[in-house]
Amino acid sequence: MGIVVQKFGGSSVANTDKLFNVCKHIIKEYEKGNYVVVVVSAQGKTTDELIKEEQEITKMPNKREHDVLVSVGEQITISKLAMCLDKLGYKAISYTGWQLPIITTSVHGNARVKNIDTEKINNSLQEGYIVILAGFQGIDEQQDITTLGRGGSDTTAVAVAAVLGAEKCDIYTDVDGVYSSDPRVIRDVKKLNKISYDEMLELSSLGAKVLHNRCVEIGKKYDIPIYVKSTFEKESDGTLVTSQESLEDLSISGVTKEDNIVRITLIGKDNKIGRIYKVFSILADNDINVDIISQSFGEHICKDISFSINEKDLVETLELLNKYSEELNIKEIKDDKLYSKISIIGIGIANNPKVKAALFETLYENNINMHMISTSEIKISVLVNMTMADSALKALHKKFIEG
Ligand code: ADP
Ligand code: ASP
Ligand code: MG
């Protein structure tokens, strides 16, 4: 008898009919003789609705209270799903993150899992229960509720699979696997039957929201096979995320898009050493995630710094930079919005200098301007105007995947 972890996302549990549909997948695994642990998200768009209501009150919510609010959705789902299973004649018990507990760091809105107490889960499994856990949430060492970041239920699921030594973690969602790009935006996408943890990590970090990037990190660290499957389609093979390399024989495995990016430029008053260190320390101390960074020499050899952030952090970033502008010797702060980050990902980038040139050429031919560029061994990312993002995504998918 092995332990299997199953995770069902928001669209899979959106209403009562869908909850009963989810029960079929759970019961099937249970009837095979497995111990089944289920992790669920909030129903449908519940988390978005909660954030909308919060925004009616304030654009800069207290981070602790934000987590108290947005963690609520998952608690609704676990109780309802346990009731559905009970109605079908199966013993099920639900636990929130704080009941187990799932201990996390204190970074509200983007906390990391530090430890999961498995005692309640194991006892309930031994007693014959199907265990239903709330995804996305935990508590920190001060007993405050935390959340793991948008899409974080995937991370709860793989972390739970890791601490339980589960055979596998099945991520059930509204598409039947991982594709070369978002199937809702690109028509001729290619399904990936298998993908390595490293490539999947880049795909999800760069915008493929089908998996939360940190669940892939944990999967890689503890060697948990992650299967991405459809909740709604019968017996689809899905995609296996594993440690094996070069699985698809594709030099480029995916093209991704991340929206709502702002570029901040700091025009310096001088060229003194230390500004970069101070700016990014202030932002890091306030848990603001900076992505692409570039430095250039402006007028009178003054150093200018540009960097990109998510729009959700704009108000706080500007507030901090204005507060410290004297100390940082900043003459002017500019914020340019809104951009999208388009990335191509694949092991073929490392050894082929022609890939970068081909990417720039494709965007040029489509009259799409780039505003920032960053590269690594297995990815190239560019910022383009958000209005041009889908055209850029389509053009690059055509060039590198469809051929
Ligand atoms: P869930 O609510 O089940 O967690 P998400 O909405 O978080 O589901 O993730 C599934 C969605 O991810 C799909 O509906 C799809 O539009 C999107 N997506 C983006 N990029 C990809 C990709 N490369 N492959 C598959 N799905 C993708
Ligand atoms: N409900 C949370 C969100 O919408 C977590 C999740 O769905 O994974 O981001
Ligand atoms: Mg998700």
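Just so we're clear, the structure is a prediction, and the values are computed from it rather than from any experiment. Residue numbering note: each chain is counted from 1, following its sequence as written. As they are written, the chains are lettered A onward and the ligands numbered 1 onward, keeping that order. Whole-chain, interface and lining totals are the exception, using all residues; otherwise, since this is a predicted model, local features are given only for residues with pLDDT of at least 70 and side-chain atom pairs are given and counted only at 80 or more. Only heavy atoms go into the side-chain values, all of them from the structure, while hydrogens and water stay out.

What to know about the packing of helix α11 (residues 354–365) against helix α12 (residues 389–402)
Lines fitted to C-alpha atoms define the axes, with helix axes restricted to the stretch in contact, and inter-axis angles between N-to-C directions lie between 0 and 180 degrees. A run of H or I in DSSP counts as a helix once it spans at least four residues, and a run of E counts as a strand once it spans at least two, with each numbered from the N terminus. Closest axis-to-axis distance for the α11/α12 pair is 10 Å, and the angle between their directions is 135°. In terms of orientation, α11 lies oblique with respect to α12. The two elements α11 and α12 meet at a crossing, and its hand is right-handed. When α11 is examined against α12, the residues V355, A358, L359, T362 and L363 are found in contact with a partner set consisting of A392, A395, L396, K399 and F400. By the convention adopted, Pro, Cys, Tyr, Trp, Phe, Met, Ile, Leu, Val and Ala count as nonpolar, Lys, Arg, Asp and Glu as charged, and the other residues, Gly among them, as polar. Residue classes in the contact of α11 with α12 are distributed as eight nonpolar, one polar and one charged. For classification purposes, angles smaller than 35 degrees are called roughly parallel, those larger than 145 roughly antiparallel, those between 65 and 115 roughly perpendicular, and all remaining angles oblique. Crossing handedness follows the turn of the near helix against the far one: under a right angle anticlockwise gives a left-handed crossing, and clockwise gives a right-handed one. Working rule for contacts: check all heavy atoms of both residues, and any pair within 4.5 Å makes them a contact.

Considerations on the site of ligand 2
Residues are classed as near a molecule or strand on a simple rule: at least one heavy atom within 4 Å of it. Every residue lining ligand 2 is accounted for by S41, A42, T47, E74, F136, R150, G151, G152 and S153. Here G152 contributes a backbone N or O atom positioned 3.4 Å from an oxygen atom of ligand 2. In terms of residue class, the shell around ligand 2 is made up of two nonpolar, five polar and two charged. In protein, a polar contact requires one atom able to donate a hydrogen and another able to accept it; more generally it is a pair of N or O atoms within 3.5 Å, and residues adjacent in sequence count only if both atoms are side-chain atoms.

Topic: the packing of aromatic side chains
Side-chain rings of Phe, Tyr and Trp (the six-membered ring for Trp) are treated as a pair once their centres are within 6.5 Å; stacked means planes under 30 degrees apart, edge-to-face means over 60, and tilted covers the remaining angles. All told, the structure shown has three aromatic pairs when counted by the stated rule. Geometrically, the ring pair formed by Y30 and Y90 is edge-to-face, given 5.8 Å between the ring centres and 90° between the ring planes. Placement of Y30 in helix α1 (residues 16–31) and of Y90 in the loop between α4 (72–87) and β3 (92–95) is noted, with a sequence separation of 60 residues between them. Among the residues examined, Y30 registers a relative accessible area of 27% and is labelled partly exposed. Relative to F307, the ring of F280 has its centre 5.2 Å away and its plane inclined at 75°; by these criteria the two rings are edge-to-face. Of the two residues, F280 sits in helix α9 (residues 275–285) while F307 sits in strand β17 (residues 303–310), which places them 27 residues apart along the sequence. Neither F280 nor F307 differs from the other in exposure class; each is buried. Definition used: whenever NZ (Lys) or CZ (Arg) falls within 6 Å of the ring centre and also within 35 degrees of the ring normal, the charge is taken to sit over that ring. Lying over the aromatic face of Y129, K91 brings its terminal NZ or CZ to 4.6 Å of the ring centre. A cation over an aromatic ring shows up here: K168 above the ring of Y227, its NZ or CZ 5.6 Å from the ring centre. Remark: exposure states derive from per-residue accessible area (1.4 Å probe, protein chains only) relative to the maximum for the residue type, with buried under 20%, exposed over 50%, and partly exposed in between.

Let's talk about the pairing of strand β14 (residues 239–242)
Residues T239 and V241 point to one face of β14 and L240 and T242 to the other, with burial holding for every one of them. By definition, two strands form a pair when at least two bridges between them are found by DSSP. Sheet analysis places strand β12 (residues 194–196) next to β14, joined by three bridges and oriented parallel. Bridge pairing in β14 links S196 to T242. Pairing between strand β13 (residues 226–230) and β14: three bridges, direction antiparallel. Note on β14: the bridge partner recorded for V228 is T239.

Brief notes about the site of ligand 1
Within the structure, ligand 1 sits among 17 residues, and T173, D174, Y179, D182 and R184 are positioned closest to it. Within the backbone of Y179, an N or O atom sits 2.9 Å from a nitrogen atom of ligand 1. Partitioned by chemical class, the residues of the shell around ligand 1 number six nonpolar, six polar and five charged.

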